[in-house]
Amino acid sequence: MSKKPTSKSAGAAAYSGRMPLIVGLAVLVVTALPDLFLHKHTYFHAYEAWPGFFALLGLGAVAVLVGLARLIGALVRRGEDYYG
Amino acid sequence: MAEWLHPSLVFFAAALVLPLCPAVARRGVLLATPLLAFVLLWALSPQASLSYQLFGFELNLLRVDGLARAFGVVFTLNALAAFLFALTRGSLGQHCAALVYIGASLGAVLAGDLISLYLFWEVMAVASTFIILARRTPQSFQAGLRYILVHLFGGLCLLAGMLLHLAQGGGVEFALLASGGAAAWLILLGFLVNVAAFPFSAWLSDAYPQATATGAVFLTAYTTKTAVYALARGFAGWEVLIAVGAVMALFGVIYAVLENHVRRMLAFALISQNGIMVAGVGVGSALALNGAVAYAMVCILYMGLLWMSAGAVEEQTGRSRLSELGGLRHGMPWTFAFALVGALTIASVPGLGGFVSKPMILKGAAYGGHYWGWLALELAAAGVVLHAALRYLLEVFFGPPPAKPAADPPPTMLAGMGLLAAACIGLGLFPQALYALLPYEAEFAPYKFEQVLNQLQLLAGAAVAYLLARPWLRPAPGQSLDTDWVYRRGGQAFYRLAEGVFNNLNAWGERYFLRNLPEQLTRFFARPGVRIQRLVWLPLLQMRGKTGAELEREGEFLERRSRHGSYPVGGGVLLSVLFIALMSFLFFFF
């Protein structure tokens, strides 16, 4: 996924987003797999029992929040010395 | 245990004694005070009370029920860690202000009536302002002034609500406020200012990052959590709080991800987490209230830990912006380790304090049927990766090593962080210790397979989304406009308006009353006779058709006559006769 330039050091690889991304994806897959064999409980709607629903919720939540932040950021970001 | 020995009293006494101690003994006093207060609090029985008379009311300084005790315990224990952290770097003034501040917040939590609560509330506001001022920079001074003004506004709302409540015969005891009258709404407004509810949240992100690295650690723990306590006591089950909390939780995330200043980002994270607690209070079921209390207790610990690590980074590197930081995990391994514990706790990773407390609120909201509230809280729970959980760690501790190497802070600061990290881990592993302190009866078992799985999925999904979106979220210099724009820009505009109006009025007044008027009066009274004649006689002549040259001649004639005193006798006699006639008339007829 990541197309950032990477250097030889592990630190730079971590910064570039590759390592955490691989770890994140691995955790996501490993924790979503048991959903296929579980009877999951729901609070409100049947779709909460879908396999990997909470992973999707996390993905979607961050996507929505980042989108909102970009939108609001465009409106409210100012220079450091805005108030003089 | 003697009931007159109120736990707050220990803090107040320590604040008085501290300046008199030699420097070596001060450290002992600072560490002994929270411990002694904790022991005193622990020894108090639930029936304890400490009554006094004020304004004709029977007031109570001690109410040690489950709710008050839970907050009191975490207040005193957190104070120990915070003083350990501040031991070597904090100034004497800051230590004294912190002692008074903690004592007052403990007093507010233990107060059984509204008047005592209000008194402690205001002491907290003043003492915390001095902690902000202790940085002694122009920025901290200005932020401190804005901070105290906002808190005085909140305090006045509380006072007005309280007086109205008393006038309506509501009673002085601080208990659940049932009616939705003006009194209750004003009190609620006062509490919401202190809990940093949007739109009254800007004071927090404005002022806290301006305090010193050690001072801010105190601030993050007490003001907002005292307000969470007050809401849980007075407004449990007020459903409007679910909306208020949801807005806070999401607002905090969005502003945190925009922020470049490390501790200001953590300030927005704090607002976001407070929102989750406020929503829990709004749900109002035993489970949700227990969750709010438990999460407030855990939040004090991990927020303190995160602010300590960020403060240590700022102290050791001299840099406070994400865009200028990175790669510190090699130079500051201990700080990194403690920050990691704090970050994983705020993310509610299973095995740490957050996981055994926050899900109680979410579950409470779900059981209560509050779909939108639940969804907002899940969004905020996933949004932690955008601030304290992942963004903070990646931007500050990962990446290429800094040009100027940095080292871990002194051992006492590490010890403070270590204490809080141990508490975060300990509560995660042994949640029963936490649950034993919770005030209400509610069943909750955190470590169910499905629950652990769901939480890990949520965090992994959120982390993956964040890492994919990260190229668009690089920290950039700048600041975000917040609601304080209203009073910061409004204040500047008001100043300019006032300056324009009053300075102009002043200048005009000076010109006329101090220069022109005295000048004219001097001219007039230098020769009053000729002036009066000129004022009366010349306009008359003008009306009779005399013009420029003739008038001037007449004026000169008047001047000459008055200079020489050469008035005709007849005129004087006529005036005398008229005067005597007038006097006789008055004498005979009145």
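Each chain carries its own residue numbering, running from 1 in the written order of its sequence. Here every chain gets a letter starting at A, and every ligand a number starting at 1, in the order they are written. Thresholds applied to this predicted model are a pLDDT of at least 70 for local features of residues and 80 or more for the giving and counting of side-chain atom pairs; totals over whole chains, interfaces and linings are not thresholded and use all residues. Side-chain calculation: all heavy atoms of the structure are included, whereas hydrogens and water are not.

Under the scheme used here, helices are H or I runs from DSSP no shorter than 4 residues and strands are E runs no shorter than 2 residues, and both carry numbers assigned from the N terminus. Along chain A, the regular secondary structure elements total three helices and one strand. The linear arrangement of helices and strands in chain A, starting from the amino end, is α-α-α-β. The 84 residues of chain A split such that 36% are buried. When a residue's accessible area, from a 1.4 Å probe over protein chains only, is under 20% of the maximum for its type it is buried; when over 50% it is exposed; and in between it is partly exposed.

A few words now on the layout of surface pockets. Size it by volume and the largest pocket reaches roughly 1,200 Å³. Points on a 1 Å grid over protein atoms alone make up a cavity when a 1.4 Å probe fits among them but cannot get out, and a pocket when they form an open set with protein on both sides within 12 Å along at least five of seven lines; lining residues each have an atom within 4 Å of a point. If you go around the largest pocket, you meet 45 residues; those closest to its centre are A:Tyr83, B:Arg146, B:Asp206, B:Gln210 and B:Arg488. Secondary-structure elements contributing two or more residues to the lining of the largest pocket are helix 6 (138-167), helix 8 (202-207), helix 11 (262-283), strand 3 (479-480) and helix 20 (484-526) of chain B. Of the residues contributing to the lining of the largest pocket, the split by class is 17 nonpolar, 16 polar and twelve charged. Grid points are joined across faces, edges and corners, and a volume is the space filled by probe spheres set on the points. Each residue is assigned to one class: nonpolar for Ala, Val, Leu, Ile, Met, Phe, Trp, Tyr, Cys and Pro, charged for Asp, Glu, Lys and Arg, and polar for all the others, Gly among them.

All names here are of chain B. For this analysis, a salt bridge means a side-chain nitrogen from Lys or Arg found within 4 Å of a carboxyl oxygen belonging to Asp or Glu. Applying the stated rule across the entire model yields 13 salt bridges over all chains. In this structure, the salt-bridge partner of Glu559 is Arg534, at a minimum N-O distance of 3.3 Å. In this pair, Glu559 is assigned in helix 22 (residues 548-564) and Arg534 in helix 21 (residues 528-543), connecting sequence segments 25 residues apart. Given a relative accessible area of 17%, Glu559 falls into the buried group. The class for Arg534 is partly exposed, based on a relative accessible area of 29%. One network of salt bridges, in which partners are shared, links Arg146, Asp206, Asp484 and Arg488.

On to the domain arrangement of chain A. Residues and elements named next belong to chain A. Domains are outlined according to an automatic or database domain assignment. Entries for chain A in the domain assignment read domain 1 (1-38) and domain 2 (40-84). By the convention used here, residues are in contact when the closest approach between their heavy atoms is within 4.5 Å. Residue-level contacts link five residues of domain 1 with six residues of domain 2. Of all residues in domain 1, the largest losses of buried area upon contact with domain 2 belong to Leu28, Asp35 and Leu38, amounting jointly to 79% of the total for that side. On the surface where domain 1 and domain 2 come into contact, there are one salt bridge. The salt bridge involving Lys40 is made with Asp35; its shortest N-O contact spans 3.2 Å. By the criterion applied in these results, polar contacts are pairs of N or O atoms within 3.5 Å in which, for protein atoms, one can donate a hydrogen and the other can accept it, and in which residues neighboring in sequence qualify only through two side-chain atoms. On inspection of domain 1 and its partner domain 2, the count reaches two residue pairs in polar contact (both at pLDDT 80 or more). Looking at the side of domain 1 that touches domain 2, its residues break down into four nonpolar, no polar and one charged. We define buried area as the total accessible area lost by two parts upon association, computed with a 1.4 Å probe and summed across both.

Domain annotation for chain B reports domain 1 (1-218), domain 2 (236-473), domain 3 (483-526) and domain 4 (527-590). Measuring from the centre of the C-alpha atoms in domain 2 of chain B to the corresponding centre in domain 4 of chain B gives 94 Å.

The next thing to look at is the interface of chain B and chain A. Each side of the interface is counted separately: chain B has 62 residues, and chain A has 48 residues. Taking both partners together, chain B and chain A bury about 4,800 Å²; carbon and sulfur atoms supply 69% of that area. Run the count over chain B and chain A and you get one salt bridge. Two residues, B:Arg321 and A:Glu80, come together in a salt bridge whose shortest N-O distance is 3.0 Å. For the pair chain B and chain A, the interface holds 21 residue pairs in polar contact (both at pLDDT 80 or more).

This part takes up the packing of aromatic side chains. Stacked, tilted and edge-to-face pairs are distinguished by plane angle, under 30 degrees for stacked and over 60 for edge-to-face with tilted covering the rest, among Phe, Tyr and Trp rings (Trp via its six-membered ring) whose centres lie within 6.5 Å. Per the counting criterion, the structure on display carries 43 aromatic pairs over all chains. Each ring, one from A:Phe44 and one from B:Tyr371, has its centre 5.0 Å from the other, and the planes form 80°; the classification is edge-to-face. Placement of A:Phe44 in the loop between helix 2 (18-32) and helix 3 (53-76) and of B:Tyr371 in helix 15 (residues 371-383) is noted, with the two residues assigned to different chains. For A:Phe44, a relative accessible area of 23% puts it in the partly exposed group. Chaining the aromatic ring pairs together yields one cluster made of A:Tyr43, A:Phe44, B:Tyr367, B:Tyr371, B:Trp372 and B:Trp374. By the criterion adopted, a ring carries a charge over it if an Arg CZ or a Lys NZ lies within 6 Å of its centre and within 35 degrees of its normal. The ring of A:Tyr83 carries B:Arg488 above its face, with NZ or CZ at 3.8 Å from the centroid. Its guanidinium or amino end placed over the ring of A:Tyr82, B:Arg489 lies 4.3 Å from that ring's centre, counting from NZ or CZ.

All names here are of chain B. In the segment running from Phe198 into Pro199, the intervening peptide bond is cis, with an omega of 5°. Relative to the helices and strands, Pro199 resides in the loop between helix 7 (182-194) and helix 8. Positive phi outside glycine occurs at Arg136, with the angle close to 60°. Here Arg136 lies in the loop between helix 5 (114-133) and helix 6. In this structure Arg136 comes out as exposed when scored by relative accessible area, which is 75%. One non-glycine residue, Ala196, lies in positive phi territory at about 65°. With respect to the secondary-structure elements, Ala196 resides in the loop between helix 7 and helix 8.

In this section: the packing of helix 12 (residues 286-317) of chain B against helix 13 (residues 333-346) of chain B. Residues and elements named next belong to chain B. Helix axes use the C-alpha atoms of the stretch in contact, all axes being lines fitted to C-alpha atoms, and the angles between their N-to-C directions lie in the range 0 to 180 degrees. In the contact formed by helix 12 and helix 13, the axes pass within 9 Å of each other and the chain directions differ by 145°. Read as a crossing pair, helix 12 and helix 13 show a hand that is left-handed. Between helix 12 and helix 13, the residues in contact are Tyr295, Val298, Tyr302, Met303, Leu305, Leu306, Ser309, Ala312 and Val313 and Thr335, Phe338, Ala339, Val341, Gly342, Ala343, Thr345 and Ile346, respectively. A breakdown of the residues in the contact of helix 12 with helix 13 according to their chemical character gives 13 nonpolar, four polar and no charged. In this scheme, a crossing is called left-handed if the near helix is turned counterclockwise away from the far one by less than a right angle; it is called right-handed if the turn is clockwise.

In this section: the packing of helix 1 (residues 7-17) of chain B against helix 4 (residues 92-110) of chain B. Residue and element names in this part refer to chain B. It is at 8 Å that the axes of helix 1 and helix 4 come closest, and there the two elements cross at 165°. If you check the angle between helix 1 and helix 4, you find them roughly antiparallel. When the axes of helix 1 and helix 4 are compared, the crossing they make is left-handed. Counted together, Pro7, Ser8, Phe11, Phe12, Ala14 and Ala15 of helix 1 and Cys96, Leu99, Val100, Ile102, Gly103, Ala104, Leu106, Gly107 and Leu110 of helix 4 form the full contact between these two elements. Here the residues of the contact of helix 1 with helix 4 sort into twelve nonpolar, three polar and no charged. When describing relative orientation, an angle under 35 degrees is termed roughly parallel and one over 145 degrees roughly antiparallel, while 65 to 115 degrees is termed roughly perpendicular and anything else oblique.

Quick look at helix 19 (residues 449-469) of chain B now. In a helix, the anticipated span is given by 1.5 Å times the number of residues less one. Spanning 21 residues, helix 19 of chain B covers 30 Å between terminal C-alpha atoms, matching the ideal 30 Å at 1.5 Å per step. Of all 21 residues in helix 19 of chain B, 18 are buried, a share of seventy percent or more.

With that out of the way, let us pick up the pairing of strand 2 (residues 57-60) of chain B. Residues and elements named next belong to chain B. The pairing criterion is simple: DSSP has to find at least two bridges between the two strands. In this structure, strand 1 (residues 51-54) lies alongside strand 2, joined through four bridges in antiparallel fashion. Of the residues in strand 2, the one forming a bridge with Ser51 is Asn60. Joining the antiparallel neighbours strand 1 and strand 2 is a turn of two residues, in which Phe55 adopts a positive phi near 55°.

Another point: the nonpolar core. Residues and elements named next belong to chain B. Grouped together as the largest cluster of nonpolar side chains are 217 residues, with contacts concentrated most on Phe191, Leu231, Phe235, Leu386 and Phe397. Tallying contributions element by element places helix 12 first for this core, with 22 residues. Excluding its chain neighbours within four sequence positions, the residues that come into contact with Phe235 are Leu176, Leu177, Ala184, Ile187, Leu188, Phe191, Ala230, Leu241 and Val281. Put simply, a nonpolar core is a bunch of buried Ala, Val, Leu, Ile, Met, Phe, Trp, Tyr and Cys residues held in one set by side-chain atoms that sit within 4.5 Å of each other. The next biggest cluster of nonpolar side chains, apart from the first, holds five residues, and it includes Val530, Leu538, Leu541 and Leu558.

Take the environment of B:Arg26 next. Residues and elements named next belong to chain B. On the secondary structure map, Arg26 appears in helix 2 (residues 23-43). Judged by its relative accessible area of 24%, Arg26 is partly exposed. Residues Arg26 and His95, spaced 69 residues apart in sequence, show a C-alpha to C-alpha distance of 9.6 Å. Setting aside residues up to four positions removed in sequence, Arg26 forms contacts with Leu18, Pro19, Cys21 and Leu92. Among the polar contacts made by the side chain of Arg26, one reaches the main-chain carbonyl oxygen of Leu18 at a distance of 3.3 Å.

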